[in-house]
Amino acid sequence: MKKNVVLITVDCLRSDHLSCFGYHMTTSPNIDNLAKKGALFNQAIANGPNTFCSFPSILTSTYSLMNLSRKEKNLPPNWIFIPKERPTIAEVLKTAGYSTAAFHTNPWISSFFNYDKGFDLFEDFLDRVGKSLILRQVSFKHRALFYLRLLKGLGKLLKKQDINIKCLNQMAISWLERYNPKPFFLWLHYMDLHAPYVPPNPSISELLTAIKIQIEIERTSKCSSEHYLKFLKRFYDEKIMFVDKEIGTFLSELEKLGFSHENTYIILTADHGEQFMEHGFVGHGLLYDEVIHVPLIICGPEIEENVVIEEQVELLDICPTIINLLKLSRIKSFMGKSLLPLIKNERSRKEGVISESIADNGWKNYSFRTKQWKYILLLDGNGQMRREELYDLQNDPSERRNLIRKEKRIAKKLKAHIQRHIAMEETHAQFEIKPKIDQKEKALIEKKLRSLGYL
C-alpha cells in the first residue's frame, strides 16, 4: 500500500528557539513529540537565507540561482521562477498516482512563480485578486500594510491574505475529508512567525510596543534597544507556541482521519530562520547560522523513534528523501541526496553545504559550510569579490570572529568549492524562464515595478 506524505514548512522558524533543539524555554511540545517519533536532524542547513532563495531547493532539489528569470524585460532578471522543464516533487508524485494539494499565503512561492506545478489543488489566495497583483501584495505586505496589520485596521484585500495556520489546517483537513485521497502529497506553509512581531491575542500595551518595534525595524532593519529586543524575542517565542499548538491540533485531526505514522510520512522544516541583532540586523537574508540553520524532522513508517542525526544535511535533500521513502525511481534533476541512509545510521559523504542568495541590485552571496568551518563570499553584479568571511563554527558558533586573514589556506580551499558551484550553475541553468503574461498583466507589472523602484 502506498504511503502518504505531509510536508510542513514554517516561515522564519529558528531551530535554536525550539525546545527539542535545546532552547531554554518549552516553546514546542508538539514539535518535540514529533521529533521523538522519528528522526531529528541537528545540523540541517537551508540552501538560501530567504523564501525566494530557499524554496527551489525544497520543492525541486535544485539551487535557486539555477532558476533565475532571464531575457524577460518586464520582470527583474534576478527573480526566481520554477521553469516548466524543471520537475517539482509534486509533479513527480502526481505522475506516480498521488493526489497533490498545497495551502499557503506567501506571494513569493505562489502560482505566479510557477510553484503550483504538479498540484491538483493549489491555494495561495492570489487568484481571488488576480495573479498580477502579486507585486501589490509584496509591496503592501512589506510596507504600508505592515502597519495596518499591526493596528488590525485591515481592508478587504488584506483580509483575503491574512489567513493564519488555523485556516490553512482546516482547509487541508476539509480537503482530506471531502476527497479522501489515497495516496496523497500535502504541502502546508505557515506564515505566522513572519514579521510583524505581534503575539497572539496581544494586550493594548503589547500591541503598542510591537508597533514601536516594528516601525524602527521597517526604517532601519534594526532594534536598537535591549529592552525592545527582549520584547521582540518574547513575542517571537509566543508565536512559536501558537504555531506549535496548531500543528499539534492538525496532527491529531490527521490521526482521526486514519493518517498515522503507520501510513503517512510527516516532514517538518523551515525555509529559513530569523536574525535578532546577532549580526546587527533584525530579519533574514544573510548567511549566518541564525538564518540558515533550520529544523528538520522526519517521521513515519519504518523510521525508528528517537533518532538524532548530527551529520550535516541540507534542504536540497528533502525531495530525494521523499522519493526514496516512497520507493520511487530516482529523478536525475534532483541534486540532493536521500537522507534515509543517515536515518539508518550510515555516515554522510557530504563535504559541505552551499547556500546562496541574490539581492535586488544583482549582488550574490554564497556560503560553504562544513561542520567546523563556514566561508562566505559576496560578489557584486559584475562578479567581482566584495567581501570574504571565514568562521570556525566549533570554537566560534556565533560567528563573531572573522578569520579570513588568519586562515588563508582554509579560506582558499573552501572558496574553491563555491567557484566550482558557480561554474556548475552557469552550466546547468539551461532554461530560459519567460513567464507567460498577457499584455494587461505586463502593463500592471511594469507599473508596480516602477512603484517599487525596480524600473
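This is a predicted model, so every value here is computed, not measured.

A.B. asks: Can you tell me about the overall build of the chain, naming the residues and giving the values?
C.D. replies: Assigned secondary structure in the chain consists of 14 helices and 15 strands. Counting every position in the chain, which comprises 455 residues, the buried fraction comes to 59%. Once local pairs closer than 6 in sequence are excluded, the contacts in the chain between residues at least 24 apart make up 69%.

A.B. asks: Please give an account of the packing of aromatic side chains that cites residues and values.
C.D. replies: The full count for this structure, using the stated rule, is 20 aromatic pairs. With a centroid separation of 5.9 Å and an interplanar angle of 45°, the aromatic rings of Phe-81 and Phe-112 are classed as tilted. Pair noted here: Phe-81 is in the loop between helix 2 (51-60) and helix 3 (89-95) and Phe-112 is in the loop between strand 3 (99-103) and strand 4 (121-123), with a separation of 31 residues, a long-range link. A single burial state applies to Phe-81 and to Phe-112, both of which are buried. Between the aromatic rings of Phe-112 and Phe-113, the centroid separation amounts to 5.0 Å while the plane-to-plane angle is 75°, which identifies the pairing as edge-to-face. Positioned above the aromatic ring of Phe-281 is the side chain of Lys-222, whose terminal nitrogen or guanidinium carbon lies 5.6 Å from the ring centre.

A.B. asks: Summarise the nonpolar core; cite the residues concerned and give the values.
C.D. replies: With 128 residues, the main nonpolar core has Phe-41, Phe-185, Leu-186, Trp-187, Tyr-190 and Phe-250 as its most contacted residues. Excluding residues that lie within four positions of it along the chain, Tyr-190 makes contacts with Ile-8, Thr-9, Val-10, Asp-11, Ile-165, Leu-168, Asn-169, Val-243, Ile-247 and Phe-250.

A.B. asks: So what's going on with unusual backbone geometry? Residues and values would help.
C.D. replies: A cis amide bond links Lys-182 to the next residue, Pro-183, at an omega of -10°. With respect to the helices and strands, Pro-183 occurs in the loop between helix 7 (165-179) and strand 5 (184-190). Omega for the peptide link from Ala-195 to Pro-196 comes to 10°, which places this bond in the cis form. Positive phi outside glycine occurs at Ser-221, with the angle close to 60°. Taking the relative accessible area as the measure of exposure, Ser-221 reaches 32% and is therefore partly exposed.

A.B. asks: An account of the confidence of the model for the chain is requested, with residue identities and associated values reported.
C.D. replies: Model confidence for the chain is summarised by a mean pLDDT of 87, while 84% of its residues fall at 70 or above. Note that pLDDT drops below 50 for residues 128-146; the model gives that stretch 50 contacts with residues more than four away or on any other chain. Residue range residues 441-455 is modelled with pLDDT below 50. Its contacts to residues more than four positions away, or to other chains, number 31 contacts.

A.B. asks: Go over the pattern of salt bridges with me, naming the residues and quoting the values.
C.D. replies: This structure, assessed with the given rule, holds 18 salt bridges. Notably, a salt bridge pairs Lys-117 with Glu-91, separated by 2.8 Å at the nearest N-O pair. On the criterion of sequence distance, the pair formed by Lys-117 in the loop between strand 3 and strand 4 and Glu-91 in helix 3 is long-range, its members being 26 residues apart. Residue Glu-91 is classed as partly exposed on the basis of its relative accessible area of 23%. The shortest N-O distance in the salt bridge between Glu-302 and Lys-327 comes to 3.8 Å. Taken together, the residues span a long stretch of sequence, with Glu-302 in the loop between strand 10 (296-299) and strand 11 (307-314) and Lys-327 in the loop between helix 11 (318-325) and helix 12 (340-343) at a distance of 25 residues. When its relative accessible area of 68% is taken as the criterion, Glu-302 is described as exposed. When salt bridges with common partners are traced through the structure, they connect Asp-289, Arg-369, Lys-374 and Glu-399 into a single cluster.

A.B. asks: An account of the side chain of Asn-4 is needed here, citing residue identities and associated values.
C.D. replies: Along the polypeptide, Asn-4 turns up in strand 1 (residues 4-10). Within the structure, Asn-4 has its side chain in polar contact with the side chain of Thr-264 (distance 3.2 Å). If we ignore the near neighbours within four places in the chain, the residues touching Asn-4 are Pro-183, Phe-184, Phe-259, Asn-263, Thr-264 and Tyr-265.

A.B. asks: Requested: an account of the packing of helix 7 against helix 9 (residues 226-256), with residues and values cited.
C.D. replies: Geometry of a packed helix pair, given as the angle between the helix axes and the separation of the axes. For the pair helix 7 and helix 9, interaxial distance at closest approach is 10 Å and the crossing angle is 10°. Taken together, the axes of helix 7 and helix 9 lie roughly parallel to each other. Packed against helix 7, whose contacting residues are Ile-165, Lys-166, Asn-169, Ala-172, Ile-173 and Leu-176, the element helix 9 presents Phe-242, Val-243, Glu-246, Ile-247, Phe-250, Glu-253 and Leu-254 at the interface. Taken together, the residues of the contact of helix 7 with helix 9 sort by class into nine nonpolar, one polar and three charged.

A.B. asks: An account of the sheet that holds strand 13 (residues 364-369) is needed here, citing residue identities and associated values.
C.D. replies: Strand order in the open sheet made by the four strands is 12-13-14-15, with antiparallel pairing throughout. Looking at the sheet topology across the chains shown, the edges are occupied by strand 12 (353-358) and strand 15 (385-392). Each strand axis lies, on average, 10° off the axis of its neighbour in the sheet, ignoring direction. Relative to strand 14 (residues 373-379), strand 13 runs antiparallel, the two sharing six bridges. Its bridge partner lying in strand 14, Arg-369 is registered against Lys-374.

A.B. asks: Please set out helix 8 (residues 204-220) residue by residue, giving values where relevant.
C.D. replies: Taking 1.5 Å as the rise per residue, helix 8 with 17 residues should run 24 Å; its terminal C-alpha atoms sit 24 Å apart, in good agreement. Among the residues of helix 8, Glu-206, Leu-207, Thr-209, Ala-210, Ile-211, Ile-213, Gln-214, Glu-216 and Ile-217 are the ones counted as buried. Phi turns positive one or two residues past the end of helix 8, at Ser-221, with a value near 60°.

A.B. asks: Residue-level account of the side chain of His-279, with values.
C.D. replies: Mapped onto the elements of the fold, His-279 is located in the loop between strand 7 (275-276) and strand 8 (282-283). A distance of 2.6 Å separates polar atoms of two side chains, one belonging to His-279 and the other to Glu-290. Within polar-contact distance, the side chain of His-279 engages the backbone oxygen of Ser-398 at 3.4 Å. Apart from residues lying up to four places away in sequence, His-279 is in contact with Tyr-288, Glu-290, Ser-398, Glu-399 and Arg-400.

A.B. asks: Which residues make up the environment of Val-5, and what values do they have?
C.D. replies: As for its placement among the helices and strands, Val-5 is situated in strand 1. Val-5 gets classed as buried once you look at its relative accessible area, which sits at 2%. Here the alpha-carbon distance between Val-5 and Leu-325, two residues 320 residues apart in the chain, equals 9.5 Å. Dropping the residues within four chain positions of it, Val-5 is found in contact with Phe-184, Phe-185, Leu-186, Tyr-265, Ile-267, Ile-322 and Leu-326.

A.B. asks: Give me the packing of helix 8 against helix 9: which residues, what numbers.
C.D. replies: Interaxial distance between helix 8 and helix 9 falls to 10 Å at its minimum, and their mutual angle equals 110°. It follows that helix 8 is roughly perpendicular to helix 9 by the angle criterion. Between helix 8 and helix 9, the residues in contact are Glu-206, Thr-209, Ala-210, Lys-212, Ile-213 and Ile-217 and Tyr-228, Phe-231, Leu-232, Arg-234 and Phe-235, respectively. A class-by-class count of the residues in the contact of helix 8 with helix 9 yields seven nonpolar, one polar and three charged.

Scoring rules and cut-offs
- Residues numbered from 1 in each chain as written.
- Predicted model: local features only at pLDDT ≥ 70, side-chain atom pairs only at ≥ 80, totals over all residues.
- Heavy atoms only, no water.
- Helix = DSSP H or I, 4+ residues; strand = E, 2+ residues; numbered from the N terminus.
- Buried < 20%, exposed > 50% of the residue type's maximum accessible area, 1.4 Å probe, protein only.
- Contact = heavy atoms within 4.5 Å.
- Phe/Tyr/Trp six-rings, centres within 6.5 Å; stacked < 30°, edge-to-face > 60°.
- Lys NZ or Arg CZ within 6 Å of the ring centre and 35° of its normal.
- Core = buried A, V, L, I, M, F, W, Y, C linked by side-chain atoms within 4.5 Å.
- pLDDT = per-residue confidence, 0-100.
- Salt bridge = Lys/Arg side-chain N within 4 Å of Asp/Glu carboxyl O.
- Polar contact = N/O pair within 3.5 Å; in protein donor to acceptor, adjacent residues only side chain to side chain.
- Axes fitted to C-alpha atoms, helices over the stretch in contact; angles between N-to-C directions.
- Parallel < 35°, antiparallel > 145°, perpendicular 65-115°, else oblique.
- Nonpolar A, V, L, I, M, F, W, Y, C, P; charged D, E, K, R; others polar.
- Pairing = 2+ DSSP bridges.
- Expected span 1.5 Å × (residues − 1).

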